[in-house]
Amino acid sequence: MISYIRLLFLCGVLMLMSGCIGGTTKSSSFFSLSATEANQSENIIRRDGPAVRLGMFAFPDYLSRPSVVTRSTDNVIIFDEFQRWAGSLENDFHRTLGANLGTLLDSGNISVYPADSLLSARYQVIGEVISFDGYLGQKAILDVRWLVVDEADNKAHGSMHSVIVEPVAGEDYAAFIAAQSRAVGRLSRAIADEINHLLANNQK
């Protein structure tokens, strides 16, 4: 009788371990930022335009992880292990910013961190991402300091502080990532405006 009970217990444990009893394991979703200012539905080759070296933008430690980061309150951060970046958020941010700037400046001369490049650039854009998260179903927030360096005279042209708040048009993570992409797009436009301003002044 005791052996029979032990056998039933062992079978139960094996069934639980194999997933035969209970729910199935939740699958992960993977996301990436999209270049909101770039037209990626047509064949485009750019050769001219201002030469810009983009990066690096330093990222805080809490964003150096595969999980998408949101908040429940200003002081409570949520790491969802099933909602993940397809690659590195830091690299994704630089890639998306570079694609946007290529379109906004109509330039094929954009060097994007961390890739090595032999491109000789007139301007370098560097910065620090202070935070890049937000509230699911509400808003995405990008808080970043940045500046443009004219490499001709190694002079920095001001220090900018951009706090970009983008509403989220949905309750799911896909809508949240889309809002984060739009926030990077707005940062891209601010940087492009500054570079165009410097170009105009240099032509006077």
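Residues numbered from 1 in each chain as written. Predicted model: local features only at pLDDT ≥ 70, side-chain atom pairs only at ≥ 80, totals over all residues. Heavy atoms only, no water.

Across the sheet, which stays open at both edges, the 3 strands sit in the order 1-4-3 with mixed pairing between neighbours. The strands lining the two open edges of the sheet, one partner per strand, are strand 1 (29-31) and strand 3 (67-73). Pairwise comparison of adjacent strand axes, ignoring direction, gives a mean angle of 55 degrees for this sheet. Here 6 bridges tie strand 3 to strand 4 (residues 76-85), and the two strands are oriented antiparallel to one another. In the strand pairing of strand 4, V68 is matched with D80. Strands in contact with helix 3 (residues 173-202) are strand 1, strand 3 and strand 4; relative to strand 3, the strand with the most contacts, it is inclined by about 95 degrees. (Pairing = 2+ DSSP bridges. Helix = DSSP H or I, 4+ residues; strand = E, 2+ residues; numbered from the N terminus. Axes fitted to C-alpha atoms, helices over the stretch in contact; angles between N-to-C directions. Contact = heavy atoms within 4.5 Å.)

Scored by pLDDT, the protein comes out at a mean of 86, with 84% of its residues at no less than 70. Here residues 16-21 is a poorly scored stretch, pLDDT under 50, and it has 3 contacts once near neighbours within four places are set aside; other chains count. (pLDDT = per-residue confidence, 0-100.)

Our next topic: the pattern of salt bridges. Evaluated as defined, the whole model comprises 7 salt bridges. Notably, a salt bridge pairs R186 with E166, separated by 3.2 Å at the nearest N-O pair. Note that R186 is positioned in helix 3 and E166 in strand 9 (residues 160-167), a separation of 20 residues in sequence. The class for R186 is partly exposed, based on a relative accessible area of 33%. Salt bridges sharing common partners tie together E166, R182 and R186. (Salt bridge = Lys/Arg side-chain N within 4 Å of Asp/Glu carboxyl O. Buried < 20%, exposed > 50% of the residue type's maximum accessible area, 1.4 Å probe, protein only.)

To continue, consider the nonpolar core. F57 and F93 are the most contacted members of the largest nonpolar core, which has 40 residues in total. When contributions to this core are tallied by element, the ones reaching two or more residues are strand 2 (52-58), strand 3, helix 2 (89-104), strand 6 (123-135), strand 7 (139-150) and helix 3. Residue contributions to this core peak at 12 residues, all from helix 3. What F93 contacts, discounting residues up to four positions off in sequence, is L33, F57, F59, V129, F132, L142, V184 and L187. (Core = buried A, V, L, I, M, F, W, Y, C linked by side-chain atoms within 4.5 Å.)

Contact geometry of helix 2 with helix 3 gives a least axis separation of 9 Å together with a crossing angle of 50 degrees. Considering their axes alone, helix 2 and helix 3 lie oblique with respect to each other. Crossing angle aside, the handedness with which helix 2 passes helix 3 is right-handed. On the side of helix 2, the interface is formed by F93, T96, L97, N100, L101 and L104, while helix 3 contributes V184, G185, L187, S188, R189, I191 and A192. Per-class residue counts for the contact of helix 2 with helix 3 are 8 nonpolar, 4 polar and 1 charged. (Parallel < 35°, antiparallel > 145°, perpendicular 65-115°, else oblique. Left-handed = near helix turned anticlockwise from the far one by under 90°. Nonpolar A, V, L, I, M, F, W, Y, C, P; charged D, E, K, R; others polar.)

Under the counting rule described, the total for this entry stands at 3 aromatic pairs. Each residue in the set F57, F59, F93 and F132 is aromatic and connected to the rest through ring pairs, giving one cluster. Cation over ring: R65 sits above F79, and NZ or CZ is 4.0 Å from the ring centre. (Phe/Tyr/Trp six-rings, centres within 6.5 Å; stacked < 30°, edge-to-face > 60°. Lys NZ or Arg CZ within 6 Å of the ring centre and 35° of its normal.)

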